[in-house]
Amino acid sequence: MASNSQSSSAQTVVIKVGTSSICDEVTHRPRLALLAALVETIVALREAGHRVVLVTSGAIGVGLRATNEATRPKKLARLQALAAIGQAQLMAQYTALFSPFDVQVAQILISRGDVADRHRYLNACNALRELLEMGMVPVVNENDAVSVAEIKFGDNDTLSAVVARMVAAQWLFLLTDVDALYTDNPRTNPAAKPVRVVRDLLALREQVKVPAGAGSSVGTGGMETKLVAAELATAAGVTTVILNAQRPRDLIEAMTQPLPAPAVVGNVGDEVKAVSHLLGTRFVPPQESAPLPDRKWWIRHGLRPAGTVIVDMGAMNALADHRASLFPAGIVGVIGQFAATQAVTIVAVSNTADRTALRFITDQTQLTDPVTVGKGLVNYSAAELRLIMGHQSAEVAELLGYAESEAVIDRSSIVLEPGVGRGRRTSAGRPRTAGSSTSIASE
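Note that the coordinates shown come from a computational prediction; the quantities given were computed from them, not determined experimentally. (Residues numbered from 1 in each chain as written. Predicted model: local features only at pLDDT ≥ 70, side-chain atom pairs only at ≥ 80, totals over all residues. Heavy atoms only, no water.)

Caption draft 1: Local environment of the overall build of the protein. For the protein, the count of helices and strands is 16 helices and 15 strands. Counting over 443 residues, the protein shows a buried share of 53%. For the protein, the share of sequence-separated contacts (at least 6 apart) that also reach a separation of at least 24 residues comes to 77%. If you sum the accessible surface of the protein, you get close to 19500 Å²; carbon and sulfur atoms cover 51% of it. (Helix = DSSP H or I, 4+ residues; strand = E, 2+ residues; numbered from the N terminus. Buried < 20%, exposed > 50% of the residue type's maximum accessible area, 1.4 Å probe, protein only. Contact = heavy atoms within 4.5 Å. Areas by Shrake-Rupley, 256 points an atom, 1.4 Å probe, with all protein chains shown as cover.)

Written out as structure tokens, the structure reads:
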């Protein structure tokens, strides 16, 4: 077992492996050679002093093999049952593969509900970090046996990004069936080129065609979900790399490959030459801003909004330029039903002349040119907000009979969208698309 003491160069690494890498898409038999190579890679990382978390899919795929079922069923209860069957066998498989190296594994099953509840989220963080301190390899999967569609992560790419934040990882490796992200689908376009470095995901989405849909018949992920995972992870300061699962040892080399600083790159051509040696696709955390603190990252990425609060442009400017709290006077509409302390999306509109009409908006699609400002935790329910919106904070106690807070959302509980803030908006108040000539580099 690896020593608990960590050298100054020791890093925390999260590796995500998908169902198609674990079992054959048709026969559902385990890909033992690939899994053995993955395990040997993890052992090598540990021997170098690093701490490793493995995020694995495959429970349902293994369950299909155990029950001799040919195709993935659609019935939710059946999928949950297969996950329960397959998860036990999957963990037994990992235990057997790590055993010759005297490495202990520990199972952690996480659901979206665990992340949405702040107390449970912190408990999961503590458990994962304690396992790493004990020298274990946590093996994480979504708790598919009890999760339902409405509260699922949807794929383990997203889950791996959440786990990377939970353990304060420096690296997240997404192992897939291609060598890198390409400028187009390499299976249909032979002219597609690999993208080696991504510094701006907004610019990337404008310049690169990403194949939609699931990656395999037994999995739920695809390249789009990996971009989402990269966005979540880089917002937490985690360098994210897409690599081919057939060569897991590439990730050891990828960790040692230096990335030239943007400042030394003169143009796109220079950037391409400077990064052509890199393996896979590397997503670099933004250098112009510090990673989001844990609580704000949790608000933005861990919570699903329960409703929408519509504000005027004056309120948006106060939030964006002065990092102010949101007060009732700046609110012009409320969409949905939600309780106090739940997360809501904050949306701004420029045309607030007919405030009466805005009070009866029931869907965001009814708004004209809305601007998504951010997300926050409300101090008042939707019903309470409908009574106090547009009023001064001093009037809240008279309107409700009590006043929980002067602010509807405290500034410490507001997370702005990327691009909303000082110097990043047009005169109309709309977030400007970020990007530069060197935001991505492809061969």
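That was the structure; now back to the text.
Caption draft 2: Main features of the sheet that holds strand 13 (residues 371-377). Read across the open sheet, the five strands follow the order 11-10-12-13-14; overall the sheet is mixed. Of all strands in the sheet, those with a lone pairing partner are strand 11 (331-335) and strand 14 (414-416), marking the two edges. Direction aside, the axes of adjacent strands within the sheet are offset by 25° on average. Against the sheet, helix 12 (residues 294-302) touches strand 13 and strand 14, its axis set at about 120° to strand 13. (Pairing = 2+ DSSP bridges. Axes fitted to C-alpha atoms, helices over the stretch in contact; angles between N-to-C directions.)

Caption draft 3: Looking closely at the packing of helix 2 (residues 32-47) against helix 4 (residues 76-98). In contact at an axis separation of 10 Å, helix 2 and helix 4 are set at 60° when each is read in the N-to-C sense. The angle between helix 2 and helix 4 places the two elements in the oblique class. The handedness of the crossing between helix 2 and helix 4 is right-handed. Every residue of helix 4 that contacts helix 2 at Leu35, Ala36, Val39, Ile42 and Val43 is listed here: Gln93, Tyr94, Leu97 and Phe98. Grouping the amino acids of the contact of helix 2 with helix 4 by side-chain chemistry returns eight nonpolar, one polar and no charged. (Parallel < 35°, antiparallel > 145°, perpendicular 65-115°, else oblique. Left-handed = near helix turned anticlockwise from the far one by under 90°. Nonpolar A, V, L, I, M, F, W, Y, C, P; charged D, E, K, R; others polar.)

Caption draft 4: Fine view of the packing of aromatic side chains. For the structure shown, the criterion picks out two aromatic pairs. Judged by centre distance (6.5 Å) and plane angle (35°), the rings of Tyr121 and Trp298 are tilted. Remark: Trp298 occurs in helix 12 and Tyr121 occurs in helix 6 (residues 118-133); sequence separation between them is 177 residues. Neither Tyr121 nor Trp298 differs from the other in exposure class; each is buried. We note Arg118 situated over the ring of Trp298; from NZ or CZ to the ring centre the distance is 4.9 Å. (Phe/Tyr/Trp six-rings, centres within 6.5 Å; stacked < 30°, edge-to-face > 60°. Lys NZ or Arg CZ within 6 Å of the ring centre and 35° of its normal.)

Caption draft 5: Focus on the nonpolar core. In this structure, Val14, Ile110, Val140, Val163, Leu181, Leu204 and Phe283 are the most contacted members of the largest nonpolar core, which totals 52 residues. At seven residues, the largest contribution of residues to this core is made by helix 9 (residues 223-235). Here this core spans two domains, and each of domain 1 (12-258 + 274-283) and domain 2 (305-416) adds at least three residues to it. In terms of nonpolar packing, the next biggest core, distinct from the first, is built from 31 residues, Val52, Phe98, Trp171 and Leu175 among them. (Core = buried A, V, L, I, M, F, W, Y, C linked by side-chain atoms within 4.5 Å. Domains from an automatic or database assignment.)

Caption draft 6: Spotlight on the packing of helix 6 against helix 12. Relative to each other, helix 6 and helix 12 sit at 120°, their axes nearing to 12 Å. The angle between the axes of helix 6 and helix 12 places the two elements in the oblique class. Crossing geometry of helix 6 relative to helix 12 is assigned as right-handed. Listed contacts from helix 12 to Arg118, Tyr121 and Leu122 of helix 6 are Asp294, Arg295, Trp297 and Trp298.

Caption draft 7: Summary view of the side chain of Arg196. Following the sequence through the fold, Arg196 ends up in strand 7 (residues 194-198). Judged by relative accessible area, Arg196 falls into the buried class, the value being 13%.

Caption draft 8: A look at helix 9. Counted at 1.5 Å a residue, the expected span for helix 9 with its 13 residues is 18 Å, and the 18 Å between its end C-alpha atoms agrees. Immediately beyond the C-terminal end of helix 9, within one or two residues, lies Gly237, with a positive phi of roughly 85°. (Expected span 1.5 Å × (residues − 1).)

Caption draft 9: Representation of the side chain of Thr12 within the structure. Inspection of the secondary structure puts Thr12 in strand 1 (residues 12-17). Reaching out from Thr12, the side chain makes a polar contact with the side chain of Arg51 at a distance of 3.5 Å. Aside from chain neighbours lying at most four places away, what touches Thr12 is Arg51, Leu132, Val167, Ala168, Ala169, Gln170 and Trp171. (Polar contact = N/O pair within 3.5 Å; in protein donor to acceptor, adjacent residues only side chain to side chain.)

Caption draft 10: Molecular detail of the environment of Leu279. Note that Leu279 resides in the loop between helix 11 (268-275) and strand 9 (281-283). Put simply, Leu279 and Ala180 are 99 residues apart on the chain and 7.9 Å apart in space, counted from C-alpha to C-alpha. When sequence neighbours within four positions are dropped, the list of residues in contact with Leu279 reads Arg196, Val241, Leu243, Asp250, Glu253, Ala254 and Gln257.

Caption draft 11: How the structure looks around the pairing of strand 4 (residues 137-142). Counting buried residues in strand 4 gives six out of six residues, a clear majority hidden from the surface. Alternating positions in strand 4 separate into two faces, Val137, Val139 and Asn141 on one and Pro138, Val140 and Glu142 on the other, with burial throughout. Here strand 2 (residues 51-56) runs beside strand 4; their pairing, made up of two bridges, is parallel. Bridge assignment links Leu54 to a residue of strand 4, and that residue is Val139. Bridge count between strand 3 (residues 105-110) and strand 4: six bridges; the pairing is parallel. Looking at the pairing, Ile110 lines up with Glu142 of strand 4.

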